Amino acid sequence: MDRVSAFDEPLKKLLGGATAKVMAEYLDLHTVGDLLHHYPRRYEERGRLTALTELPLDEHVTVVAQVADARIIMFNNGRGKRLEVTLTDGSGRLQLVFFGHGVHKPHKELLPGRRAMFAGKASVFNRKMQLAHPTYQLLDAQDESEATDAVDAFAGQLLPIYPACKQLDSWRIAKAVDTVLPSAQEAVDPLPPALREGRGFVPLPEALLRIHRPQTKADIASARDRLRWDEAFVLQVALARRRYADTQLPAVARGPVPGGLLDAFDATLPFTLTDGQQKVTEEIFGALATEHPMHRLLQGEVGSGKTLVALRAMLRVVDAGGQAAMLAPTEVLAQQHHRSVTEMMGELAEGGMLGGSDLGTKVVLLTGSMGVPARRQALLDLVTGEAGIVIGTHALIEDKVQFHDLGLVVVDEQHRFGVEQRDALRSKGKQPPHLLVMTATPIPRTVAMTVFGDLETSVLDQLPAGRSPIASHVVPAKDKPHFLSRAWERVREEVENGHQAYVVCPRIGDDADKEGEKKGKSGNKQAAPEDDAEKRPPLAVLDIADQLAKGPLAGLRVEVLHGRMAPDDKDDVMRRFAAGQADVLVATTVIEVGVNVPNATAMVIMDADRFGVSQLHQLRGRVGRGSAPGLCLLVSEAHEASPARARLSAVAATLDGFELSRIDLEQRREGDVLGQAQSGVRSSLRVLSVIDDEEVIAAAREEAVRVVADDPGLERLPELRTALDALLDKDREEYLDKG
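Read on for an overview of the structure.

So, how was this worked out
- Residues numbered from 1 in each chain as written.
- Predicted model: local features only at pLDDT ≥ 70, side-chain atom pairs only at ≥ 80, totals over all residues.
- Heavy atoms only, no water.
- Buried < 20%, exposed > 50% of the residue type's maximum accessible area, 1.4 Å probe, protein only.
- Helix = DSSP H or I, 4+ residues; strand = E, 2+ residues; numbered from the N terminus.
- Pairing = 2+ DSSP bridges.
- Right-handed = clockwise from strand over helix to strand, strands pointing away.
- Salt bridge = Lys/Arg side-chain N within 4 Å of Asp/Glu carboxyl O.
- Core = buried A, V, L, I, M, F, W, Y, C linked by side-chain atoms within 4.5 Å.
- Contact = heavy atoms within 4.5 Å.
- Axes fitted to C-alpha atoms, helices over the stretch in contact; angles between N-to-C directions.

## Considerations on the pairing of strand E21 (residues 630-636)
- Where burial is concerned, most of E21 is hidden: 7 out of the 7 residues are buried.
- Side chains Gly630, Cys632, Leu634 and Ser636 of E21 all project onto a buried face; the interleaved residues Leu631, Leu633 and Val635 project onto the opposite face, where all are buried too.
- Two elements, strand E20 (residues 600-605) and E21, share 4 bridges in a ladder whose sense is parallel. Paired with Ile605 across the strands is Leu634, a residue of E21.
- For the crossover from E20 across helix H23 (residues 613-620) to E21, the handedness is right-handed.

See below:
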C-alpha cells in the first residue's frame, strides 16, 4: 500500500459496516485519515476520579467514577422498578438511573466500590444531576465476565476521552482507533524538514501516536504543539498561495487626480475625517495606485464611518477614469446604500442632470426587482460610462450587465465575495478590478488572519466625534415584569422629547413565517441549547406591533418593517421613519446594518437571547447616531443563571465590538468561526484554536509567506502539496473560495 492510500482507506474495510456507518453518519468520519485526525478531547488519569461537580448540562459526557451505593426502587404498586446508582469521586456525587428490563445487568455489575467509565447525557431531575441509562465499561478486574484485556489496556495509562455521540461511546471510538493506529506510520509529513527541525517538532507519525496513546502528559503537549502547527501552517499556505496568485494579476493603477470629484466631495464635508479614517484611506489609496489588484478587508466598529471611506475610494477610482460597483447582500441594504451615497454626494451624484455638478457622476441602483425601463436605463448608464458608481445586489453579476471600465468592487457586509462571483465581475473589467470587502462585525486579529487570510486588513477602531454613548440594560421580563412596563415608559419619554425608537423582534409573524419555523425547527443546528428548551415561538413583529399600538404605546405612530414586504413598501416606511413621520419602528433585523436615523435614540430588542452577540452589537449601533445619548434595552425571559443571560450581560457591559466578538467566539464552536458549520463541511481545525493560538497562527503565516514566495507551486515540497490537497478537498476549496 502506498503512503497516501493508507489514509484514504475506507473505515468500513477495517471496522465493519455497522461501526463505520455510525462514524460516517454521526461523526462525519469516513476514512482511516479522518479517524486518526479525530483527536481525544481530554484525558483521564488512572487513579484520579473525574470532577463530577463540573459536568456540563445537556451534553454527552464521559466520567470515570466509583459506585458508592446502588438500590432497586419499586413503583406503580410493584409493577415497575428502577435501579438508582450513586457515583462518587470525592468531590461530588452523580446519580445514574436504569429502568425496566435494563436494570438486571447493571444491578449485578455496579456494586459499591466498583470503578467504571460511564457515558451518557447529563440532565437534572429533582434538582439532582443524573445520567439516565448510561453505557458503561468496568475498569477493574473483579468482574470475570469482562475480558481482562480492556482493564489492562487502561491500567496505569492516560485514558483518552474522544468527542463521542449517543450512538458511539468514547471507549468504542478508542478501540476503533487502536485498529487503525498502525497506519499512522504512513502519515505524509507536510512540514518542510528544515522548518520541522528548526522548531523542534516531533515527526508526524510520532505526534499521531502520542496524541492517541500518550504515556505521559509531556507526550500530549508535544503532540498538540506539532498538530496545532500543522493545521495553522497548511491553512496559511493555502491563503498565502491565493494572495500570491492575486499579486500576479495585472490591474489598472488608479492614482490621484487633483481638482477632481474626490476633492470636490471633500470640500463639501461638514466635518474632518478621524485619524483612523485618514490612516485607513491612505492604505487603500496606496493599494489602488499599484498595478496589481487590491484585495483588502475594511473592518470597523459600528458607526466608525466605513461607508464614507469606501465612498472616497470609489470617487478616487471614478476620478481616474474607472467605475466602482458596490455589492450589498439584500435589496433593502442596496437601496439604503444608494440613498445614503446620493445624500452624501448631493449635486455631485447628479452628473449629466440639470442642477448637477460639472464634476459629478451618475450613481445608479441595480436590483432584481426593478422595473424594466429603470433597469434598462441603469444598464445603459453603466455600459456608456455615464454612471461612475453603481450600487446593487447580485443582479450586478448577471451576464447582461456590462461596464465601460470597472475599476473597483466594494463588497458590503455579512458575506464574502466568492471566487466565482469575483471572476464573473473580473470578466466585466478590462483587467481585474480592485476589491474592498467591508465588515461591520469587528474580528479579532487571529480570526481575520484565518478566515479573511487572503485579504490585507485595514481596521477602523475609532468612532467619529459627535457620536453619543449608548447605555445598555438587560430587562428580565419573566422575573421582573414591571421592568418591561418601565421599558415602554422609557420609549414614550424618548418620543415625548422629540426622538424616535426601534423595537426589534426575531420573527415576522405571518403564516409563511410559521411554516418556515416548523420546517426550520428540526434542522437548525445553530440553535443555542437554551433555545431548544424554549417552548414558545420567538416574538413576532406583527403581534408585538399590534399589542404596542393598542397597549403601552397607544397614541404613538407605530410602523412595521420586515423582509417580506414589497421593496417599495419597505422603502416608503424607512423614508417616513427617517423623515420623523413615525415614532416607533417595529422591525426584524432588516435594520441591522446601514440604517442611519440620527433622531432614533432608543431600541428595545425583544427575545434578545435569540440573537448572537455580534448581531446585538450591530443592532444597538442603530441608536445614538446623533447628538442625543442612545438607550438599548435587551428584553429576555431567559433564567438569570443561563448562558443566554450571561451573553446579554456581556453585551450590556461593553461597547467595544472587538471585545464582544472575542466573547462571541469563545462561546461558539470553532467550526462556526470558520463558517464551515453552515456550509456543512466539518471544521478542518481540530487542535488549533483561533482564539487562543494567536502566536502560532501569526508565526505560521510568516513561514507560509516565506515558503510560497520561494516556491509558489510547491514543486520542491510534494508532501506539503499532498496535505494541501487533503485540506482543500472540493468542499473546503469551495468554502475558502466562497467564504
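## Quick word on the pattern of salt bridges
- Using the criterion set out here, one finds 35 salt bridges in the structure.
- Two residues, Arg210 and Asp219, come together in a salt bridge whose shortest N-O distance is 4.0 Å.
- Owing to a relative accessible area of 21%, Arg210 belongs among the partly exposed residues under this scheme.
- The exposure class assigned to Asp219 is buried, which follows from its relative accessible area of 15%.
- Here Asp405 ties to Arg254 by a salt bridge, and the two come within 3.1 Å at their closest N and O atoms.

## A look at the nonpolar core
- In terms of nonpolar packing, the biggest core is built from 36 residues, with Ile284, Met345, Ile389 and Leu408 touching the most fellow members.
- The dominant element in this core, judged by the number of residues it contributes, is helix H13 (residues 306-319), at 9 residues.
- Here Ile284 is in contact with Met294, Arg296, Val309, Ala313 and Leu436, once residues within four sequence places are set aside.
- With 34 residues, the next largest nonpolar core counts Leu15, Leu181, Ala207 and Leu227 among its residues.

## Some points on the sheet that holds strand E19 (residues 584-587)
- Strand order across the open sheet formed by 6 strands is E16-E21-E20-E17-E19-E18, with parallel pairing between neighbours. Two strands in the sheet have a free side with no partner beyond their single neighbour: strand E16 (470-476) and strand E18 (558-561). For this sheet the average axis-to-axis angle between neighbouring strands, irrespective of direction, equals 20 degrees.
- Bridging between E18 and E19 involves 4 bridges; their strand directions are parallel. Each bridged residue has a counterpart across the sheet, and for Leu561 the counterpart in E19 is Ala587.

## As for the sheet that holds strand E9 (residues 295-300)
- The parallel open sheet is built from 7 strands, whose spatial order is E11-E12-E10-E13-E14-E9-E15. Of all the strands in the sheet, just strand E11 (362-366) and strand E15 (456-460) have a single pairing partner and so form its edges. In this sheet, neighbouring strand axes are inclined to one another by 20 degrees on average, regardless of whether the strands run parallel or antiparallel.
- Summarising the sheet, strand E13 (residues 406-412) and strand E14 (residues 434-439) pair through 5 bridges and their orientation is parallel. Of the residues in E14, the one forming a bridge with Val411 is Val437.
- On the sheet, helix H14 (residues 331-345) packs against strand E10 (323-327), E11, strand E12 (387-392) and E13 and is oriented at approximately 170 degrees with respect to E11.

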